[in-house]
Amino acid sequence: MAEGFQAPRGTLDWLPQRSAARRAMIERFRQIFEGAGYGEAMTPIFEDKALFARTAGESSEVVGKEMYLFEDQGGREMALRPEFTASIVRLYLENGLSRDPQPVRLWSAGNCYRFAAVQRGRYREFTQVNAEAIGSDDPAIDAELIALQLRWFESLGLDGLEVRLNTIGDRADREPYLDQLRAYIDAHSSEVDDEVRRQRDLNPLRAFDTKDPASAAIMADAPKITDAVSDEAAAHFAAVRSFLDARGVNYTLDPTLVRGLDYYSRTTWEISWPALGAQSGIGGGGRYDGLAELIGGAPTPGVGFACGIERVLLALEDQDRSPAPERQMDVFFAIFCDAARPRLHALMDQARARGVAAEADLAGRAVKGQMKQADRIGAALTVVCGDDEWARSVCVVRSMASGEQTEVSLDELVEHLHNAKMGTA
Ligand code: AMP
């Protein structure tokens, strides 16, 4: 290895098998969401830092500690995107999508960047798939997104998922509630840990996320946002639940589920695969009706979610599952005559151009090694050409399953392989 070079800590090198799994997962996501009217959107990997700072909230972990920031040559402060939602809402506003029929429904897939403590399932460069519906406050959309997200997990073979659901009300509900919560934390100040006291000032809703058991016990009795939301927000939540119940979706109500970004309002949810342990959150989302205003747009409701591909992949690998189809090679060319190689490689290329997946030995293997290689790659057929066949301008096509052998003239080989692939030989 070239000395001094290695993948940055917290990033993955994607080897072919995993890349194929990643691609298959994203393709499945595309099929499910495009089948429900969502179109693909792509946004830049880097954006103005202010876009994320203003939307996620200065007190959020993502903005406070986790953003990768740099100054470009023009002296502008840029950030590598830590998530998609703010970029998608920016895209909606900047491209005048509010003039299209509402809601505008979009999905995306791509890399996100957060300077997080690295561990299994938590990386600094990771892949998210996400879906957003902007321009409608219909509770049916919140439920549709949850149901489609669950369909994606199920289509990949993940069961035993946990769905937690909550409502955090509207911004206007939150201030009086936060006063109540701060007062509760103050009254128990000596019984909670430093982190809870820190969150009390920064973002009191996050005090529920404490990892300290004693503090968690105190917070369990704290007033809950769910009891403080307006009648309108409560009615919205009841409707979301009825749309989920009608679909038979199982979920747990969790009044402490507030999510990490400040822009959420009303519905919030998280989906986990508990067997993953510490990093079991495989997807989460929520409504963000006030987000567009934070970046200078007209009030526009929106709702969306994101899922982490790497974590879902870990969950699948833990069950020895891969969403990628088996790598399928149709033909292996076993050539035991140096003079024959150029012509047979040319024929192999012609076969590839006709849709036949083919490869040849490139490692100077002897006869036995080449046949073994044909087996290893799961080729259905092997084309064998030695001195004798070359002298007669033919080759032997061997079926790896039945052992049946057919002599084929080199002039007809491409047609023969093509027909064999199409099942007409
Ligand atoms: P969030 O935007 O924090 O709600 O994250 C949405 C999903 O992205 C989570 O449920 C995880 O599956 C995934 N995710 C978030 N942060 C990371 C990370 N640092 N590494 C890997 N996956 C992550």
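Note that the structure is predicted; figures quoted are calculated from it, not measured.

Participant: Even after reading the chapter, I still don't get the sheet that holds strand β15 (residues 394–399), so can you show me in this structure?
Facilitator: Remark on secondary structure: sheet strands pair via backbone hydrogen bonds, oriented parallel or antiparallel. Taken together, the five strands give an open sheet; going across it, the order is β13-β12-β14-β15-β16, and neighbouring strands pair in mixed fashion. Looking at strand neighbours, the two that pair on one side only are β13 (358–360) and β16 (405–409), the edges of this open sheet. In this sheet, neighbouring strand axes are inclined to one another by 25° on average, regardless of whether the strands run parallel or antiparallel. Relative to strand β14 (residues 381–385), strand β12 (residues 331–335) runs parallel, the two being bridged by five bridges. Among the inter-strand pairings, phenylalanine 333 is bridged to a residue of β14, identified as valine 383. Helix-sheet contacts for helix α12 (residues 341–353) involve β12, β13 and β14, and the interaxial angle to β13 is about 160°.

Participant: Looking at this structure, I do not really get the pattern of salt bridges. What am I missing?
Facilitator: Once the charged atoms of two side chains with opposite charge are near each other, the side chains can pair. Per the stated rule, a full pass over the model turns up 26 salt bridges. Residue arginine 76 is joined to aspartate 72 by a salt bridge in which the shortest nitrogen-to-oxygen separation is 3.0 Å. Residue classification places aspartate 72 among the buried residues on the basis of a relative accessible area of 15%. Across the pair aspartate 254 and arginine 164 runs a salt bridge, and its minimum N-O distance is 2.7 Å. On the criterion of sequence distance, the pair formed by aspartate 254 in the loop between β8 (252–253) and β9 (265–272) and arginine 164 in strand β7 (residues 162–167) is long-range, its members being 90 residues apart.

Participant: Just to check I follow, could you spell out the state of the cysteines for this structure?
Facilitator: Defined simply, a disulfide is a covalent bond joining two cysteines at their sulfur atoms. Across all of its chains, the model carries zero disulfides by this definition. Cysteine 307 supplies the cysteine sulfur nearest to cysteine 112, a cysteine that is in no disulfide, at a spacing of 12 Å.

Participant: Explanation requested: the pairing of strand β6 (residues 125–134) in the structure shown.
Facilitator: The side chains of a regular strand alternate between both faces of the sheet. In terms of residue burial, β6 counts as a mostly covered element, since nine of its 10 residues are buried. Of the strand pairs in this sheet, strand β5 (residues 104–113) and β6 are connected by 10 bridges, and their pairing is antiparallel. Along β6, the bridge assignment pairs alanine 109 with valine 129. By the bridge criterion, seven bridges tie β6 to strand β11 (residues 302–308) in an arrangement that is antiparallel.

Participant: How should the packing of helix α1 (residues 16–34) against helix α11 (residues 309–318) be read in this particular structure?
Facilitator: Packed helices, taken two at a time, are described by the angle their axes make and the gap between the axes. Across the interface, α1 lies against α11 with an axial gap of 11 Å and an inter-helix angle of 110°. Our classification of the angle between α1 and α11 gives roughly perpendicular. Here the hand of the crossing between α1 and α11 comes out right-handed. Within the contact between the two elements, α1 uses Arg18, Ala21, Arg22, Met25 and Ile26 and α11 uses Ile309, Val312, Leu313, Leu314, Leu316 and Glu317. Along the lines of polarity and charge, the residues of the contact of α1 with α11 split into eight nonpolar, no polar and three charged.

Participant: So what exactly am I meant to see when it comes to the site of the ligand here?
Facilitator: The environment of the ligand is formed by 13 residues, the closest being Arg114, Tyr123, Arg259, Gly281 and Gly308. Between an oxygen atom of the ligand and a side-chain N or O atom of arginine 114, the distance comes to 2.8 Å. Calculation on the ligand without its partners gives an accessible area of 490 Å², and the protein chains cover 89% of this total. Those elements giving two or more residues to the shell around the ligand turn out to be β6, β10 (281–287) and β11. When residues of the shell around the ligand are assigned to their parent elements, the largest contribution, three residues, is made by β10. Along the lines of polarity and charge, the residues of the shell around the ligand split into four nonpolar, five polar and four charged.

Analysis parameters
Residues numbered from 1 in each chain as written. Predicted model: local features only at pLDDT ≥ 70, side-chain atom pairs only at ≥ 80, totals over all residues. Heavy atoms only, no water. Pairing = 2+ DSSP bridges. Helix = DSSP H or I, 4+ residues; strand = E, 2+ residues; numbered from the N terminus. Axes fitted to C-alpha atoms, helices over the stretch in contact; angles between N-to-C directions. Contact = heavy atoms within 4.5 Å. Salt bridge = Lys/Arg side-chain N within 4 Å of Asp/Glu carboxyl O. Buried < 20%, exposed > 50% of the residue type's maximum accessible area, 1.4 Å probe, protein only. Disulfide = S-S within 2.5 Å. Parallel < 35°, antiparallel > 145°, perpendicular 65-115°, else oblique. Left-handed = near helix turned anticlockwise from the far one by under 90°. Nonpolar A, V, L, I, M, F, W, Y, C, P; charged D, E, K, R; others polar. Near = heavy atom within 4 Å. Polar contact = N/O pair within 3.5 Å; in protein donor to acceptor, adjacent residues only side chain to side chain. Areas by Shrake-Rupley, 256 points an atom, 1.4 Å probe, with all protein chains shown as cover.

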